[in-house]
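Results of the structural survey
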Amino acid sequence: MKSQTVNHQQFDLYFSEMLEDYVTAIAWSPQGNILAVCSAAGEVILWQHTPDSQEEWQRLSLQTSQTQSVDCLAFSSDGYFLAAGGQAGIRVWQLHQDAEVNQWQLLNIAHPPNWVDRLAWNPLCNQLALSLGRNVLVWDETAPEATITLNFDASSVLGLDWSFDGQYLAIAGYQGVKIWESQDWNEDPYIFDLPTATLAVAWSGDGKFFAIGNMDRTIAVFEWNNPNPWVMRGFPGKIRQIAWSNANSQQNTPLFAAASVEGIVVWSKHPDDLVGWESRVLQRHVGVIQAIAFQPQSLLLASAAEDGLVCLWHKAKHIAQILEGAPQGFSCLAWHPQGQQLAAGGKNGELRIWMRSRRSQGFNHR
């Protein structure tokens, strides 16, 4: 693994494994002791810390290779449910813990046999939203038979995101975004019309803003209760990746990153609304960027691309370190909830985990 670093947060390779096919998604449990990974071969695999050691990993296969891919997965906010969606639909496992071992039970969730390629858990309770063509189904663990169906209508669902307090669910697709209020699903949604398809939607950590990335190479940023968005133009391609930083800066300046083709643009809110948002461009990748994510409570930005590089950007400004390990390209990444580990998946089935070096932060690694 090659790396170059210009700041104290250096990450070293900590764990390496191979899946049978393209790694489609990675998710950490909220407690950070379980890593879930899925693949285009249909695998769903967990790596769990052993009960008596945070240094040893146990591998548990929830689902072996199938004829159909698994494309998305996520843990519930309490870590007791894991959802995986793909060509065969949705599967949800429930965790049962005892003193010796974690046991995962597959639940039976009735739903149409649609391809599920988008899902998201409510941040505060065990409500799961998942895409079913032009609809979104909301499954509630407390009332598993009383599922809610939300009709997007204009197209297949292309993006999902909950607000930080779980009060609002934003659904994106052709002609913009619809936002439902979770306290009353029967109320008409808020509608934000656009003359294009919206591919990505993401709420800011405080819920004051949400940003959407569009097929027509634009980004629109909405302030809640303000119908007039800021619109950013001039990107080289469609916008599929948007990530907000939840860092608590003294200035409390909202900041997000967006990826388009091989480049990243970072936007920060200017105090003057007439100025709007200020931008800077980050360039290093020579392949299409597949995933971006900020380290929790930090401005350290990670980007993974088809060029086989994971770039770490110090304060979302300049390269801090370059990580390798997937020669044919990286496909996804995810930060540990405490930020001391970064996991990334590759197109050939590579799983790589880097850990913040004990030379810089005192963490153990192997």
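Residues numbered from 1 in each chain as written. Predicted model: local features only at pLDDT ≥ 70, side-chain atom pairs only at ≥ 80, totals over all residues. Heavy atoms only, no water.

A few words on the overall build of the protein chain. Counting its regular elements, the protein chain contains 1 helix and 30 strands. Taking 21 Å as the expected radius of gyration for a compact globule of 366 residues, we find that the protein chain reaches 20 Å, a close match to that expectation. Principal-axis analysis of the C-alpha atoms places the extent of the protein chain at approximately 50 × 50 × 35 Å. Classification of the 366 residues of the protein chain by burial places 55% in the buried group. Restricting the contact set of the protein chain to residue pairs at least 6 apart, pairs at least 24 apart contribute 46%. Accessible area of the protein chain: about 16,200 Å², with a carbon and sulfur share of 44%. Of the charged side chains in the protein chain, 22 are positive and 35 negative, and the gap between their average positions amounts to 11 Å. (Helix = DSSP H or I, 4+ residues; strand = E, 2+ residues; numbered from the N terminus. Rg over C-alpha atoms; globule rule 2.2 N^0.38 Å. Buried < 20%, exposed > 50% of the residue type's maximum accessible area, 1.4 Å probe, protein only. Contact = heavy atoms within 4.5 Å. Areas by Shrake-Rupley, 256 points an atom, 1.4 Å probe, with all protein chains shown as cover. Lys, Arg positive; Asp, Glu negative; His and termini not counted. Charge placed at Lys NZ, Arg CZ, Asp CG, Glu CD.)

All right, on to the sheet that holds strand E29 (residues 341–346) then. Strand pairs in the sheet, formed through backbone hydrogen bonds, run parallel or antiparallel to each other. Ordered by their spatial adjacency, 4 strands build an open sheet running E1-E30-E29-E28, and the pairing between neighbours is antiparallel. The sheet is open, and its two borders are formed by strand E1 (11–18) and strand E28 (330–335), each paired with just one other strand. Averaged over all pairs of adjacent strands, the angle between strand axes in this sheet comes to 20 degrees, irrespective of strand direction. Here 5 bridges tie E29 to strand E30 (residues 350–356), and the two strands are oriented antiparallel to one another. Bridge pairing in E30 links Leu342 to Trp354. (Pairing = 2+ DSSP bridges. Axes fitted to C-alpha atoms, helices over the stretch in contact; angles between N-to-C directions.)

What follows deals with the packing of aromatic side chains. By the definition in use, this model includes 30 aromatic pairs. Relative to Trp139, the ring of Trp121 has its centre 6.3 Å away and its plane inclined at 75 degrees; by these criteria the two rings are edge-to-face. Linking Trp121 in strand E10 (residues 119–121) with Trp139 in strand E12 (residues 135–140), this pair joins segments that are 18 residues apart in sequence. The same class applies to Trp121 and to Trp139, which are both buried. Taking the centre distance of 6.5 Å and the plane angle of 40 degrees together, the rings of Phe192 and Trp224 count as tilted. Here Phe192 is found in strand E16 (residues 190–203), whereas its partner Trp224 is found in the loop between strand E18 (219–223) and strand E19 (230–232), with 32 residues between them in sequence. Here Phe192 and Trp224 have matching classes, each one buried. Put simply, the rings of Tyr168, Tyr190, Phe192, Trp203, Phe210, Phe222 and Trp224 pair up and form one aromatic cluster. (Phe/Tyr/Trp six-rings, centres within 6.5 Å; stacked < 30°, edge-to-face > 60°.)

Looking now at the environment of Gly79. Looking at the secondary structure, you find Gly79 in the loop between strand E6 (70–75) and strand E7 (81–86). For the pair Gly79 and Ser245, spaced 166 residues apart in sequence, the C-alpha to C-alpha distance is 22 Å. Contact partners of Gly79, with chain neighbours within four places excluded, come to Pro30, Gln31, Leu95 and Trp104.

This part is about the pairing of strand E27 (residues 318–323). For E27, the buried fraction is high: 5 of the 6 residues fall into the buried class. Judged from the 5 bridges that link them, strand E26 (residues 310–314) and E27 form a sheet pairing that is antiparallel. For Leu312, the partnering residue across the bridge sits in E27 and is Gln321. Taken together, E26 and the strand that follows it, E27, pair antiparallel across an intervening segment of 3 residues, in which Lys315 is found at a positive phi of about 55 degrees.

So, about unusual backbone geometry. Although it is not a glycine, Val261 adopts a positive phi angle of roughly 55 degrees. Within the secondary structure layout, Val261 lies in the loop between strand E21 (255–260) and strand E22 (263–269). On the basis of relative accessible area, Val261 is assigned to the partly exposed category, the value being 35%. In this model, Lys315 sits at a positive phi of 55 degrees, which is unusual for a non-glycine residue. Topologically, Lys315 is positioned in the loop between E26 and E27.

All right, on to the pattern of salt bridges then. Taken as a whole and judged by the stated rule, the model has 3 salt bridges. Across the pair Lys269 and Asp273 runs a salt bridge whose closest N-O atoms are separated by 2.5 Å. For Lys269, a relative accessible area of 11% translates into the label buried. Residue Asp273 is classed as partly exposed on the basis of its relative accessible area, which comes to 46%. Residues Glu306 and Lys347 are paired through a salt bridge, measuring 2.9 Å at the closest nitrogen-oxygen approach. (Salt bridge = Lys/Arg side-chain N within 4 Å of Asp/Glu carboxyl O.)

Another aspect to go through is the confidence of the model for the protein chain. Confidence along the protein chain averages 91 in pLDDT terms, with 92% of residues attaining 70 or more. Here residues 1–6 scores under 50 on pLDDT; set against residues more than four positions off or in separate chains, the count is 22 contacts. Low pLDDT (under 50) marks residues 361–366, which in the prediction has 21 contacts with non-local residues, meaning those over four places away or in another chain. (pLDDT = per-residue confidence, 0-100.)

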